[in-house]
Amino acid sequence: MDPLKVAEGVYQVGGAQMTAPDDCCIYLVDIGRPVLIDTGAGTQPRRLVDNLESLGYFPRDISLVVLTHCHIDHVGGAPYLTEKFGLPIAIHELDATAVEEGDGRRTAANWYGVDLPPLKVQHHLQGDEGELQAGASPLRWLHTPGHTPGSISLVLENGLYRILFGQDIHGPFYASFGSDLDQWAASMRRLVELEADILCEGHFGIIRPASEVRRYIEGYLSDYGKL
């Protein structure tokens, strides 16, 4: 499967059908300064690079790699990108330690039977929200804990659409992840209130329009008895 244009300046460049079976969905946002959202599990990082290059991007063009949470299927490609291309990494401070220490339990690397080498994180996102400048339009991040303590979601308004990058809305939730279902439900209600036009989800791809985004998120709230 080739890279997919989601909207102007937004592309899906990786995922289970694009790069490797264990990969999450990987997104590129380019509103002047390209930002990569998540990196996949890292088993086939060259395929991610090939997809970027097919769109006219070289890895060194990427200004920042944002990791939405610490799980291996989202962060496993980061060591390759930092070692080979020197790309800086950002993750919320509450998930940063697991990545910096290569914690096999908290990153779920032991689920996949792989090791995550300790990874230096240049940017520890702190607090409840902030902005990552991506050129003409700011890419905002929101702390949306529940799946993991440091899970974040991102929001881009490109002038036409409000695009939500809400990775792993579906869970799962385990004590070993530091999951908290009540925190997750509050986070999901916050995302519903954004009234996003497009949802770029972590494993189920692109969901649109706004009515379907709401239905998708509220469906999981209902499934977990939190609607």
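Structure: see above.
Residues numbered from 1 in each chain as written. Predicted model: local features only at pLDDT ≥ 70, side-chain atom pairs only at ≥ 80, totals over all residues. Heavy atoms only, no water.

Draft legend 1. Region of the structure containing the pattern of salt bridges. A full pass over the atoms with the stated rule returns 9 salt bridges. Measuring nitrogen to oxygen at the nearest pair gives 3.1 Å for the salt bridge that ties Arg46 to Asp50. Separated by 4 residues within a single helix, Arg46 and Asp50 lie in helix α1 (residues 45–54), roughly one turn from each other. On the basis of relative accessible area, Asp50 is assigned to the partly exposed category, the value being 36%. With its nearest N and O atoms 2.9 Å apart, the salt bridge here joins Glu218 to Arg214. With Glu218 and Arg214 both in helix α7 (residues 210–223) and 4 residues apart, the pair spans about one turn of that helix. A residue is classified by how much of its surface remains accessible, and Glu218, at 25% relative accessible area, is partly exposed. (Salt bridge = Lys/Arg side-chain N within 4 Å of Asp/Glu carboxyl O. Helix = DSSP H or I, 4+ residues; strand = E, 2+ residues; numbered from the N terminus. Buried < 20%, exposed > 50% of the residue type's maximum accessible area, 1.4 Å probe, protein only.)

Draft legend 2. The arrangement of the pairing of strand β11 (residues 162–166) in detail. Among the 5 residues that make up β11, 4 are buried, leaving the element largely enclosed by the rest of the structure. Strand direction decides the pairing type here: strand β10 (residues 152–157) and β11, joined by 4 bridges, are antiparallel. Residue pairing for β11: Leu156 is matched across the bridge by Ile163. Counted between consecutive antiparallel strands, the loop separating β10 from β11 contains 4 residues, among which Gly159 sits at a positive phi close to 95 degrees. Pairing analysis gives 4 bridges linking β11 to strand β12 (residues 198–201), with the strands arranged parallel. Of the residues in β12, the one forming a bridge with Gly166 is Glu201. You can see the chain leave β11, run along helix α6 (residues 181–193) and come back into β12, and the turn it takes is right-handed. (Pairing = 2+ DSSP bridges. Right-handed = clockwise from strand over helix to strand, strands pointing away.)

Draft legend 3. Seen up close, the packing of α1 against helix α3 (residues 78–85). Two elements in contact, α1 and α3, have axes whose closest approach is 10 Å; the angle formed by their N-to-C orientations is 65 degrees. One finds that α1 runs roughly perpendicular with respect to α3. Every pair of crossing elements has a handedness; the one defined by α1 and α3 is right-handed. Here Pro45, Arg46, Leu48 and Val49 of α1 lie close against α3, whose contacting residues are Tyr80, Leu81 and Phe85. When the residues that make up the contact of α1 with α3 are grouped by side-chain class, the tally is 6 nonpolar, no polar and 1 charged. (Axes fitted to C-alpha atoms, helices over the stretch in contact; angles between N-to-C directions. Parallel < 35°, antiparallel > 145°, perpendicular 65-115°, else oblique. Left-handed = near helix turned anticlockwise from the far one by under 90°. Contact = heavy atoms within 4.5 Å. Nonpolar A, V, L, I, M, F, W, Y, C, P; charged D, E, K, R; others polar.)

Fair warning: the whole summary comes from geometry, so function is off the table for now.
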